[in-house]
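Structural description and commentary
Spelled out, the chains give:
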Amino acid sequence: MLSHNFLAFLCDLILSIAIAFLVYRLIAPSLRELLDKIVRLPEGTTFYLRAFGLVLFCVALSKVITGIRLKSDAHAIEYVWAVGSQLSDVLDNVFVALLAFVVVVTVLVVILRPKNGQ
Amino acid sequence: MDNKTYLYVSYFVVCGVCLCLGLLAWLWMRRPLAGIARALPQRKWESLLKRAFPLSTVLFVLSACLSVNYYGGCNPMSYDKIVEDRDYIISKNQEQISQSLNAIVWSVSLWAGIVLVSLLAIQRGKSKRNSGEGS
């Protein structure tokens, strides 16, 4: 039978991947449009989109992978707290990654801005 | 499997997993980076970028994986205590993978900056060529 710690880890893993995927899906279309206009090199757009996705998934997984370790006599709510605490760390990391990427894209816009406001 | 064997096997397996993570990150980013490198005005710069990217990513990931200290930081543990505690060994394995994922993040972020400079060079090269053709 699967241990409670493993089930909590699994919940954590699924939720973290879902968060990273959701953030990527919400940001990617507008990011692609913006990059297409600014970079004007399809590989450049692909590079930044892939980098964005990779960073989001890695920052989410790096927190989750450390796992949850509670004693076998822990109550159900303690597992919920543990999952919540890990998810909070994941959200913090995703937030920082998102912020860092917005900074990078802003620098891209400033440096490579198209002429005549195109 | 006794704890001592587990310690040896898990250490090398996790190092292999971390190496694979670095290679996967390189494979995922390889094509777009090669496309950007091809558009660069200098051929030598192109080959430098193509070779430096996998090397830097894989080496950085490996370095992060190997940097995990099994003896512990603030509360040092003796070798005997490490071998006794299977949970501690598992937690260190997980820490190695976590550090490797963080290394991928840092490496890709750094390369995003390098690509930014490269794109600027490509754009300047194009505008120079266009102005040369115009005059």
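Since we're looking at a predicted model, the values are computed, not measured. (Residues numbered from 1 in each chain as written. Chains lettered and ligands numbered in written order. Predicted model: local features only at pLDDT ≥ 70, side-chain atom pairs only at ≥ 80, totals over all residues. Heavy atoms only, no water.)

**A word on the environment of Ile 90 of chain B**
Inspection of the secondary structure puts Ile 90 of chain B in helix α4 (residues 86-134). Put simply, Ile 90 of chain B and Gly 22 of chain B are 68 residues apart on the chain and 21 Å apart in space, counted from C-alpha to C-alpha. Leaving out residues up to four positions away in the same chain, Ile 90 of chain B has contacts with Arg 69 of chain A together with Tyr 6 of chain B. (Helix = DSSP H or I, 4+ residues; strand = E, 2+ residues; numbered from the N terminus. Contact = heavy atoms within 4.5 Å.)

**With respect to the interface of chain A and chain B**
The interface of chain A with chain B comprises 25 residues on the first partner and 29 residues on the second. Of the roughly 2400 Å² buried between chain A and chain B on both sides combined, carbon and sulfur atoms contribute 75%. A per-residue breakdown of the area chain A buries against chain B is headed by Phe 47, Arg 50 and Leu 54 of chain A, which together make up 26% of the total. On inspection of chain A and its partner chain B, the count reaches zero salt bridges. Taken together, the links from chain A to chain B amount to six residue pairs in polar contact (both at pLDDT 80 or more). Where the side of chain A that touches chain B is concerned, the elements lending two or more residues are α1 (4-39), α2 (42-64) and α3 (76-111) of chain A. It is α2 of chain A that contributes the most residues to the side of chain A that touches chain B, 13 residues altogether. Across the side of chain A that touches chain B, the residue classes tally to 16 nonpolar, five polar and four charged. (Buried area = accessible area lost by both parts, 1.4 Å probe. Salt bridge = Lys/Arg side-chain N within 4 Å of Asp/Glu carboxyl O. Polar contact = N/O pair within 3.5 Å; in protein donor to acceptor, adjacent residues only side chain to side chain. Nonpolar A, V, L, I, M, F, W, Y, C, P; charged D, E, K, R; others polar.)

**Focus: the pattern of salt bridges**
Residue and element names in this part refer to chain B. A full pass over the atoms with the stated rule returns three salt bridges over all chains. For Arg 43, the salt bridge identified is with Glu 46, shortest N-O distance 2.4 Å. With Arg 43 and Glu 46 both in helix α2 (residues 43-66) and three residues apart, this pair spans about one turn of that helix. In this structure Glu 46 comes out as buried when scored by relative accessible area, which is 11%. One connected set of salt bridges, linked through shared partners, spans Arg 43, Glu 46 and Lys 50. (Buried < 20%, exposed > 50% of the residue type's maximum accessible area, 1.4 Å probe, protein only.)

**Quick notes on a negative patch on the surface**
Together, Asp 80, Glu 84, Asp 85 and Asp 87 of chain B line one region of the surface with negative charge. With respect to the element layout, Asp 87 of chain B can be found in helix α4. (Patch = residues over 30% accessible without salt bridge, like charges linked within 9 Å, V, L, I, M, F, W, Y side chains within 5 Å. Areas by Shrake-Rupley, 256 points an atom, 1.4 Å probe, with all protein chains shown as cover. Lys, Arg positive; Asp, Glu negative; His and termini not counted. Charge placed at Lys NZ, Arg CZ, Asp CG, Glu CD.)

**Quick notes on the environment of Ser 118 of chain B**
Residue and element names in this part refer to chain B. Along the chain, Ser 118 turns up in helix α4. Separated by 73 residues in the primary sequence, Ser 118 and Trp 45 place their C-alpha atoms 9.3 Å from one another. Apart from the residues within four sequence positions on either side, Ser 118 is in contact with Ile 36, Leu 40, Trp 45 and Leu 49.

**Notes on the packing of aromatic side chains**
Residue and element names in this part refer to chain B. Counted by the stated rule, this structure contains seven aromatic pairs over all chains. Relative to Tyr 70, the ring of Tyr 11 lies with its centre 5.7 Å away and its plane at 70°, an arrangement referred to as edge-to-face. Placement of the pair is Tyr 11 in helix α1 (residues 3-38) and Tyr 70 in the loop between α2 and α3 (79-84), with a sequence separation of 59 residues. We classify Tyr 11 as partly exposed; its relative accessible area is 24%. Considering the side-chain rings of Phe 53 and Trp 111, the 5.1 Å spacing of their centres and the 80° angle between planes classify their relative orientation as edge-to-face. Here the residue Phe 53 occupies a position in helix α2, and Trp 111 occupies one in helix α4, the gap between them amounting to 58 residues. (Phe/Tyr/Trp six-rings, centres within 6.5 Å; stacked < 30°, edge-to-face > 60°.)

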